[in-house]
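Chain residues, written in single-letter form:
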Amino acid sequence: MADSLFEGLTEAQREAVAHVEGPILVLAGPGSGKTRVVTHRIAHMLRSGVYSSQIVALTFTNKAAQEMRSRVERLAPDSTVWVSTFHRFCARLLRAYSNLVGLEQNYTIYDTSDSLQILKRALQSEEISTSHATPEKVAKAISWAKNNMVLPERYEANSHNAISSIVRDVYPEYQRQLRAANAVDFDDMLMLVAQMLQENPELRAALDERFRYILVDEYQDTNLVQYLLVRSLSQQYPNLGVTGDPDQSIYGWRGANLNNILDFEKDFNQVKVVRLEQNFRSTPNILLVADQLISHNKRRKKKSLFTDASPGQPVRMLTYTTSHEEAQAIATRIAAQVAQGKRRPRDFAIFYRVNALSRAYEEALRQQGIPYMIVSGVEFYQRKEIKDVLAYAMLMNNPRDDVAFTRIVNTPTRGIGKSTILKLQVHALDQGISMMEAAREAGVIESLSKRAAVAVAKFVSLFDRLSLKINEPVEDILGAILEQTGYRAQYENSDDDDDVSRLENIDELLSAAREFDFQHPEDGTLERYLEDKALVNETDNFDADLDRVTLMTLHAAKGLEFPCVFMVAIEEGLLPHERSKDSDAQLEEERRLMFVGITRAQEELDLSTANQRDFRGRRMMTVPSTFLFELPREEMDFQAALPRMVSPASDWEDVHEIPPDDFSQIGESGDFSDQTPSNPPEPPTKMLITAAEMVTGPGSARPKSDPNQFHQSMAVLHPTYGLGKITSMSGEGAKRTATVQFVTGPQKKFVLAFSDLRPVSKT
DNA sequence: CTATCCTCGCTTTTT
DNA sequence: GCGAGGATAG
């Protein structure tokens, strides 16, 4: 039946879609329609008589899962195919079979910072000195072990590595304390399920049968545990379909093992291999550059990428004298194209290797009045007030959760100080009980003063009162926490802007809880709600609908595409990064990173370097990346970015040599803009003028503003952050401060008398 | 206990 | 150059 599922597909794509039984490896080059193939394949399986309950599709991120789910739904509206992240899949299995791995069904999922608390405690109780290794480093090493299925008792220290001996000593205790708290860390979720399947052959066989068809997306990013997991569920029914591209594996540093995809054909019998090599995204010129670069990697599977698109413009390679000029030139180019109506801001993206580089481009864009957004992975931190409130809920759900207990026993303050908490902890450890249980025995703990014991007893009764509500709707539970603990009260009636915003965040949490209750009329348990909270990251801050230039790291760019891409700072030490240069494997990963960046571009691609770069507050001479010498230079457009540059490609190797007089520029003082020949950018057309445009020139001595002219909700301008709005104010006279929410994202607090804030006139 | 000072160190990031 | 986290003072 040549049905609609195959319409418009290439030969290779059809081949993959048509495959139902047995293992299949789909090697999907960039822009080759991979998701389309996977979703159509699922739909085809369903039409071929496979029950949707027998299929599970695993992804890494919630975003990918969501995307796949909605696309499957479109093709097969009433199917109940389970599309899930690895972690959520494992979370469910752990709930069902918790007893097999020493957990209770209501176990807690610790995030990275919670786990770190446990680790610090474990380091303390084992009396291990961390003077030569931070807890963070130890945590990383433990995570590595867990990703590689190394159980605590099997861990062996490496004599060359100081951290590994610490890990050997602390890993078992860390794991004990997690189990004592009835908690798991993220890595446990996968490792424990894998362990459970190894130790319980009947269960493994049953689940293998239940999940007869398993699909794994981004297979090149799987680690050993994930590999063991899917392999053990594909024994009697080896219908494992994996999709990925070894050339786009950029997460080796967090445990991804390239061997999984490279050896897939060895791991299973009669593997069907389909290569998706036709690219539907980029021009041949861009593809050629990508292909030449990646051909320098050894550990890969060769693919020949091709496209039907017309050649398009050559890829440009630009060398600037300074990073400042690089940023200016990019911003000017974008401004000009937008002004001409040729492109919109959202058509452009700027990619860099490290977040710390973003500033220069931000500033240049701001000066040009171009709207932009930064997609950054660092703003992930959880807000304190949210974590506090949820900690109460977590403790209700799992009273053994010592991290939650420690967090809220004195929040808001109720006279239970550090030493009291420590005494409770010691008592708990002695008796082999949880801190909550220890708190119940406060009256008989000798070391505790009468006063402390009373404070603790009061807390316990408060907690018990709250716990009565555990089966009520989540919104009611959180509401009760906020009222009965006095948590809300401590922030109410406060003028402080931080407190105001805390209350706003709390209200948002409540309305999200209401939404959860609404969405889960049947299974809206607190347990379920907390699992959602633990496994979903709400800061999905990339909104493709906004008409803004996108700034992001190369890692963040994976999976996206833009008509016009600028890849910047392609210099030794940055790309490849200096910390990646000691091994070939890491160097190849850096090359893949560049490959990923290049292949995001649909029509235009600019690669650039600067001879001098301002970075981390210092000015440094740079060396162009070795990767640049691996590109098809004859096919590219080498441009002198500035009058001073040597332009022809033949002289290009000389460009990075520093003319003697250039050293005069190296110094700690002085603004670049003084030295650069000023070629003022074309002023953008009127419709483009944003607030930043109105800022007076850099460094001009402007009198500070009178604090009294500011008021709540006023639009203001800052020379660095651009346009913003005053969300709240506090203090008086010289100490009067304003909190400003900037349109570019950040929220900052200013002492008005000393700030460079200016009101925006309404004219 | 909390505010502020100072030191350190510094890829990439999801769950 | 900047922010997190520890130390110290009030």
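Residues numbered from 1 in each chain as written. Chains lettered and ligands numbered in written order. Predicted model: local features only at pLDDT ≥ 70, side-chain atom pairs only at ≥ 80, totals over all residues. Heavy atoms only, no water.

**A word on the overall build of chain A**
So, point 1. Helix and strand counts for chain A stand at 28 helices and 21 strands.
So, point 2. Considering chain A as a whole, with its 763 residues, one finds that 53% of them fall into the buried category.
So, point 3. Summing over all exposed atoms, chain A offers an accessible surface of approximately 35,200 Å²; the carbon and sulfur share of this is 49%. (Helix = DSSP H or I, 4+ residues; strand = E, 2+ residues; numbered from the N terminus. Buried < 20%, exposed > 50% of the residue type's maximum accessible area, 1.4 Å probe, protein only. Areas by Shrake-Rupley, 256 points an atom, 1.4 Å probe, with all protein chains shown as cover.)

**Quick notes on the packing of helix H1 (residues 11-18) against helix H2 (residues 34-47)**
So, point 1. Between H1 and H2, whose axes approach to 8 Å, the crossing angle comes to 40°. Our classification of the angle between H1 and H2 gives oblique. The handedness of the crossing between H1 and H2 is right-handed. Judged by residue contacts, Gln13, Ala16, Val17 and Ala18 of H1 engage Val37, His40, Arg41 and His44 from H2.
So, point 2. Looking at the contact of H1 with H2 residue by residue, the classes come out as four nonpolar, three polar and one charged. (Axes fitted to C-alpha atoms, helices over the stretch in contact; angles between N-to-C directions. Parallel < 35°, antiparallel > 145°, perpendicular 65-115°, else oblique. Left-handed = near helix turned anticlockwise from the far one by under 90°. Contact = heavy atoms within 4.5 Å. Nonpolar A, V, L, I, M, F, W, Y, C, P; charged D, E, K, R; others polar.)

**Description of helix H21 (residues 474-484)**
Given 3.6 residues per turn, any residue in an α-helix points the same way as the ones three and four places further on.
So, point 1. Looking only at H21, the buried set comprises Val474, Ile477, Leu478, Gly479, Ala480, Ile481 and Leu482.
So, point 2. Two residues or fewer past H21, Gly486 is found with a positive phi of approximately 80°.

**Looking at the protein's contact with DNA strand C**
So, point 1. Taken together, Arg359, Arg616 and Gly617 form the complete shell of residues around DNA strand C.
So, point 2. For DNA strand C, the backbone makes up 80% of the atoms found within 4 Å of the protein, where backbone means sugar plus phosphate.
So, point 3. One of the side-chain nitrogen or oxygen atoms of Arg359 is found 2.4 Å away from a phosphate oxygen of DNA strand C. (Near = heavy atom within 4 Å. Polar contact = N/O pair within 3.5 Å; in protein donor to acceptor, adjacent residues only side chain to side chain.)

**Here's the deal with helix H15 (residues 358-368)**
So, point 1. Here H15 has its buried residues at Ser358, Tyr361, Glu362, Ala364, Leu365, Arg366 and Gln368.
So, point 2. Note on H15: the residue one or two positions beyond its end, Gly369, has a positive phi of about 75°.

**Quick notes on the environment of Arg353**
So, point 1. Note on placement: Arg353 falls in the loop between strand E10 (348-352) and H15.
So, point 2. In sequence terms Arg353 and His555 are 202 residues apart; their C-alpha atoms lie 7.9 Å from each other.
So, point 3. Ignoring any residue separated from it by four or fewer positions in sequence, one finds Arg353 in contact with Thr553, Leu554, His555, Leu574, Leu575, His577, Ser580, Glu590 and Leu593.
So, point 4. A distance of 2.6 Å separates polar atoms of two side chains, one belonging to Arg353 and the other to Glu590.

**Let's talk about the packing of aromatic side chains**
So, point 1. Under the criterion given, the structure shown has 14 aromatic pairs.
So, point 2. Taking the centre distance of 5.9 Å and the plane angle of 45° together, the rings of Trp82 and Phe211 count as tilted. Taken together, the positions of Trp82 in strand E3 (residues 82-85) and Phe211 in the loop between helix H9 (201-210) and strand E6 (213-216) put the pair 129 residues apart, joining distant regions of the chain.
So, point 3. A relative accessible area of 23% means that Trp82 is categorised as partly exposed.
So, point 4. What makes Phe211 buried here is its relative accessible area of 1%.
So, point 5. Ring centres of Tyr251 and Trp253 lie 5.7 Å apart, and the angle between their planes is 50°; on these two criteria the pair is classed as tilted.
So, point 6. Given the relative accessible area of 15%, Tyr251 is considered buried.
So, point 7. Judged by its relative accessible area of 52%, Trp253 is exposed.
So, point 8. Within the aromatic cluster, the residues linked to one another by ring pairs are Trp82, Phe89 and Phe211.
So, point 9. Geometry around Tyr107 places Arg95 over its ring, the cationic atom sitting 4.2 Å from the centre. (Phe/Tyr/Trp six-rings, centres within 6.5 Å; stacked < 30°, edge-to-face > 60°. Lys NZ or Arg CZ within 6 Å of the ring centre and 35° of its normal.)

**Some points on the sheet that holds E6**
So, point 1. Strands sit in the order E3-E2-E6-E7-E1-E8 across an open sheet of six strands; the sheet is parallel. Across the chains shown, the open sheet's two edge strands, defined by having one partner strand only, are E3 and strand E8 (272-276). Here the strands of the sheet are splayed against their neighbours by 15° on average, with no regard to which way each runs.
So, point 2. Here E6 runs beside strand E7 (residues 239-244); their pairing, made up of four bridges, is parallel. Within E7, the position partnered with Val216 by the bridge is Val242.
So, point 3. Each of strand E2 (55-59), E3 and E6 touches helix H4 (residues 86-96); the most contacted strand, E3, lies at about 105° to it. (Pairing = 2+ DSSP bridges.)

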